[in-house]
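# Descriptive analysis of the structure
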Amino acid sequence: MRAAGWCVLSVAGDDFTKINRALSDAQKSKTPVFIQVKTQIGRGSSVAGKPRAHGLGISADEIGRLASQLLSPRGIDLWAGITDEPINVVDADSMVDIPAVSAPITKGEISTRELSGIYLNELIAAGVPLVGGSADLGGSTNSRVAHSRDITPPGFDGNYINYGVREHAMGAIMNGLAAAGLRPYGATFLVFSDYMRPSIRIAALSGLPVIYVFTHDSVAVGEDGPTHQPVEQLPSLRLIPNLNVFRPCNMAEVAYSWRAAIADIVRPSCIILSRQKIRQIETPAATDLSRGAYVIWPAATRRVRATIIATGSEVSFAVAVAKKMGNSVQVVSMPSVGAFRAQDCRYKRQILRGFVIAIEAAAAAPWFEFADAVVGVDEFGVSGPGGAVYKLMGFDVDAVARDLAKKIK
């Protein structure tokens, strides 16, 4: 750090006076400051400073001795000041009044990140006490909305945290907020979920109801290239136990995803959203979205020869393919694979009829749980316009329709 031109200060990790002094000195520095806080693993215990301290269970007597030894009036005062603050806890009963979207958008083309922003703004306006934030991508993820108010050092009465470019810290902070009884959501691009994977896993393991908003969800991101085009992230998130993963295709599914995520107080949720605008396919009236999957585009014949499963931005693509393949092909939208997996066999057979094909712009292998054939992405993308990359990676309506038509003959 010194070689990079930083001012480096070093203090002992248990000397709060010197830590405060270092912070004060840092504010006066004309160069960037790096404060090295020196600590000792297992300090004060019988295994202090030894590798065994990392995972060794010490005795109850020693824990008691350490607790009394390390207790301080200053620490007691600090905790008292925190615990006296009222916390607005969101529980399941308070979710009854989550608003239905007042202006459903079902026609034309619009990205699901935009739809999410519209509904999120209505949630906050209706008084749902969410604490949001983003890793410096509030505008791109549509997570900083009209009713967002920044939380700043002088004023903590806002509802939005500017985390900076640090997904891992954002994930960890959201876990702390959820553990304290708040309902946090945080947003970044889907490909950057890798940076916060440990925090996501801890949230799932601990049953913390954190909400992750992941946008720019496929190779259709386009110009930013393969570093920003997720391929394996979506299926890998679905593999994490106790984690809801929603990938909606329209406003009805976006609203369902948010409502389900907020109502679930025992597990975290991911809402996966598109960057690109997609044609809106309307969800049939009276559809039970809580089942995770439903027929969004029915076949025109009684006998269904093939079912195409799709999620998110691939639903409109799947409908275009079905139209090319003929009247006996239906399309199933599956915004929640986990919820559909939990359904009984009768419902699954009712939905998945004939030859089953899955279409999703992500790694293909997991879809063979339900499908006989899969159109997916099993290689890194390329740089270029989103639509061109999408087509280059195999998402060409005519080509897919021709190939699938051969498989069901």
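Whatever comes next refers back to the structure up there.
These notes cover the structure that comes with them. All figures in this text were calculated on a predicted structure; none of them were measured in a lab.

### What to know about the state of the cysteines
Tallied over the entire structure, the rule returns zero disulfides. Cysteine 249 carries a free sulfur, and the closest cysteine sulfur to it, the one in cysteine 270, is 18 Å from it.

### A few points about the nonpolar core
Core analysis: the largest hydrophobic core is formed by 74 residues, its most contacted members being Tyr185, Trp258, Ile308, Met325 and Ile359. In this view, isoleucine 308 contacts Ala318, Val321, Ala322, Met325, Val329, Gln330, Val331, Val332, Ile357 and Ile359; residues no more than four positions away in its chain are not counted. Within the second largest apolar cluster, 25 residues are counted, among which are Ala178, Ala203, Val245 and Ala362.

### As for the pattern of salt bridges
Enumeration according to the criterion identifies 16 salt bridges in this entry. With a closest N to O distance of 2.7 Å, arginine 267 and aspartate 264 form a salt bridge. Look at aspartate 264 and you get buried, because its relative accessible area is 12%. Where lysine 391 meets aspartate 396, a salt bridge forms, and the shortest distance between an N and an O atom there is 3.3 Å. Look at aspartate 396 and you get buried, because its relative accessible area is 18%. Because the salt bridges share partners, they merge into one network encompassing Asp217, Arg238, Arg247, Glu314 and Glu360.

### Some details on the sheet that holds strand 8 (residues 244-246)
Strand pairing in a sheet takes place through backbone hydrogen bonds and is either antiparallel or parallel in direction. Across the sheet, six strands lie side by side as 5-4-6-7-9-8; this open sheet has parallel pairing. The open sheet has two free edges, formed respectively by strand 5 (160-162) and strand 8, since each of these has just one partner strand. For this sheet the average axis-to-axis angle between neighbouring strands, irrespective of direction, equals 20°. Where strand 4 (residues 130-134) meets strand 5, three bridges bridge the pair, whose relative direction is parallel. Its bridge partner lying in strand 5, glycine 132 is registered against tyrosine 160.

### So, the packing of aromatic side chains
Enumeration over the complete set of coordinates arrives at eleven aromatic pairs. Between tyrosine 212 and phenylalanine 214, the ring centres sit 5.8 Å apart and the planes meet at 10°, which makes this aromatic pair stacked. You'll find tyrosine 212 and phenylalanine 214 in the same group, each marked buried. Ring geometry for tryptophan 367 against phenylalanine 370: centres 6.4 Å apart, planes inclined by 55°, an arrangement best described as tilted. Residues tryptophan 367 and phenylalanine 370 agree in their burial class; the two are buried. Cluster of aromatic residues (ring-pair linked, three or more members): Phe340, Tyr347, Trp367 and Phe370.

### Observations concerning the environment of methionine 174
Position of methionine 174 among the secondary structure elements: in helix 5 (residues 167-179). For methionine 174, a relative accessible area of 0% corresponds to the buried category. Between the C-alpha atom of methionine 174 and that of valine 131, which follows or precedes it by 43 residues, the distance is 9.0 Å. Filtering out sequence-adjacent residues up to four positions away, methionine 174 remains in contact with Tyr163, Pro184, Tyr185, Gly186, Met196, Val210, Ile211 and Tyr212.

The rules we used
- Here the residue index of a chain counts from 1 through its sequence in written order.
- Reporting of local features is limited, given that this is a predicted model, to residues whose pLDDT is at least 70; pairs of side-chain atoms are given and counted only at 80 or more, and all residues count toward the totals for whole chains, interfaces and linings.
- Here the side-chain values reflect all heavy atoms present in the structure, with hydrogen atoms and water set aside.
- The disulfide definition used here is simple: a pair of cysteine sulfur atoms within 2.5 Å.
- Residues belong to a common nonpolar core when they are buried Ala, Val, Leu, Ile, Met, Phe, Trp, Tyr or Cys residues joined through side-chain atoms within 4.5 Å.
- Here's how the labels work: a residue is buried when its accessible area is under 20% of the maximum for its type, exposed when over 50%, partly exposed in between, all with a 1.4 Å probe on protein chains only.
- We call two residues in contact whenever any of their non-hydrogen atoms come within 4.5 Å of each other.
- Only one rule defines a salt bridge in this text: a Lys or Arg side-chain nitrogen within 4 Å of an Asp or Glu carboxyl oxygen.
- Note on pairing: two strands pair once DSSP finds at least 2 bridges between them.
- A helix here means a DSSP run of H or I that spans at least four residues, while a strand means a run of E at least two residues long, and both kinds are numbered starting from the N terminus.
- In this analysis, axes come from line fits to C-alpha atoms, helices being fitted only over the stretch in contact, and the angle between any two N-to-C directions falls in the range 0 to 180 degrees.
- In this analysis, rings of Phe, Tyr and Trp, with Trp reduced to its six-membered ring, are considered paired at centre separations within 6.5 Å, and the interplanar angle assigns stacked below 30 degrees, edge-to-face beyond 60, and tilted for intermediate values.

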